[in-house]
Amino acid sequence: QVQLVESGGGLVQAGGSLRLSCAASGRTFSSYDMGWFRQAPGKEREFVTVIRWGGRSTYYTYYADSVKGRFTISRDNAKNAVYLQMNSLKTEDTAVYYCAAGEAVGDYYYTSRRYDYWGQGTQVTVSS
């Protein structure tokens, strides 16, 4: 029922910035928990960040320690979109980035299996 399409990936030098976008379908988008995950070659998919619905117009954000202070997640419910602003990029950030949506991810929001819908991913490559 929900389709997610990521965009904004590309090649950037270390220290640079990128802004990823995730366009979502669905009229109940505002109540979904929206997350970003990434997967580097030869590694497991890892949690990056999530913005969780807390009722009404309240949202809460959580970040992996590896990106805290550098990445910012945001959403524009009027546009059915979620964004990931990535600053001070490092070579370690190189990965395919996936947008994910869950009706209620709960306390295990950092676990990919808690999410119900996934985009196809967008490649982010950070060069030295």
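Our structure's up above, just so we're on the same page.
Residues numbered from 1 in each chain as written. Predicted model: local features only at pLDDT ≥ 70, side-chain atom pairs only at ≥ 80, totals over all residues. Heavy atoms only, no water.

**Student:** Would you take a moment to explain the overall build of the protein for this structure?
**Tutor:** Counting its secondary structure elements, the protein contains 0 helices and 11 strands. Viewed in the frame of its principal axes, the protein has a C-alpha envelope of about 45 × 25 × 25 Å. The buried share among the 128 residues of the protein stands at 41%. Of all intrachain contacts in the protein linking residues separated by at least 6 positions in sequence, the fraction that spans at least 24 positions is 58%. As displayed, the protein offers around 7000 Å² of accessible surface, 44% of which is attributable to carbon and sulfur atoms. (Helix = DSSP H or I, 4+ residues; strand = E, 2+ residues; numbered from the N terminus. Buried < 20%, exposed > 50% of the residue type's maximum accessible area, 1.4 Å probe, protein only. Contact = heavy atoms within 4.5 Å. Areas by Shrake-Rupley, 256 points an atom, 1.4 Å probe, with all protein chains shown as cover.)

**Student:** Please clarify how the sheet that holds strand β3 (residues 18-24) should be interpreted in this entry.
**Tutor:** Paired through their backbone hydrogen bonds, the strands of a sheet run either parallel or antiparallel. Pairing is antiparallel across the open sheet formed by 4 strands, whose spatial order is β1-β3-β8-β7. At either margin of the open sheet sits one strand with a lone partner, and together these are β1 (4-7) and β7 (71-76). Going across the sheet, the axis of each strand differs from the next one's by a mean of 15°, ignoring polarity. Across 6 bridges, the pairing between β3 and strand β8 (residues 81-86) is antiparallel. Along β8, the bridge assignment pairs L20 with L84. (Pairing = 2+ DSSP bridges. Axes fitted to C-alpha atoms, helices over the stretch in contact; angles between N-to-C directions.)

**Student:** Quick question: what am I supposed to make of the state of the cysteines here?
**Tutor:** One covalent bond between the sulfur atoms of two cysteine residues makes up a disulfide. Inspection of the entire model under this criterion finds 1 disulfide. At a sulfur-sulfur separation of 2.1 Å, the disulfide partner of C22 is C99. Residues C22 and C99 are joined by a disulfide whose S-S torsion is about -80°; by sign, that bridge is left-handed. Of the two residues, C22 is situated in strand β3 and C99 in strand β9 (residues 95-102); the sequence distance between them amounts to 77 residues. Residue C22 is classed as buried on the basis of its relative accessible area of 0%. (Disulfide = S-S within 2.5 Å.)

**Student:** In this structure, what is going on with the nonpolar core? I would like to understand it.
**Tutor:** Buried together is how nonpolar side chains tend to be arranged in soluble globular proteins. L4, M34, W36, F71, M86, Y97 and Y115 are the most contacted members of the largest nonpolar core, which has 35 residues in total. For this core, the elements supplying multiple residues, two or more each, are β3, β4 (33-39), β5 (46-53), β7, β8, β9 and β11 (122-127). The leading source of residues in this core is β9, at 5 residues. (Core = buried A, V, L, I, M, F, W, Y, C linked by side-chain atoms within 4.5 Å.)

**Student:** Please clarify how the packing of aromatic side chains should be interpreted in this entry.
**Tutor:** Working definition: an aromatic ring pair is given by the centre-to-centre distance plus the angle between the planes. Summed over the entire model, instances satisfying the criterion amount to 9 aromatic pairs. Look at Y109 and Y110: their rings are 5.6 Å apart centre to centre, the planes differ by 80°, and that puts the pair in the edge-to-face class. The class of Y110 is partly exposed, set by a relative accessible area of 43%. Ring centres 6.0 Å apart and planes at 65° place the aromatic pair Y115 and W118 in the edge-to-face group. (Phe/Tyr/Trp six-rings, centres within 6.5 Å; stacked < 30°, edge-to-face > 60°.)

**Student:** Can you help me understand unusual backbone geometry in this one?
**Tutor:** Note: most peptide bonds trans; most residues except glycine with negative phi. The phi dihedral of N80 is positive, around 55°, even though this residue is not glycine. Judged by relative accessible area, N80 falls into the partly exposed class, the value being 21%. We note that S88 has phi near 50°; this positive angle belongs to a residue other than glycine. Secondary-structure assignment places S88 in the loop between β8 and β9. The class for S88 is partly exposed, based on a relative accessible area of 40%.

In short, geometric facts, not functional conclusions.
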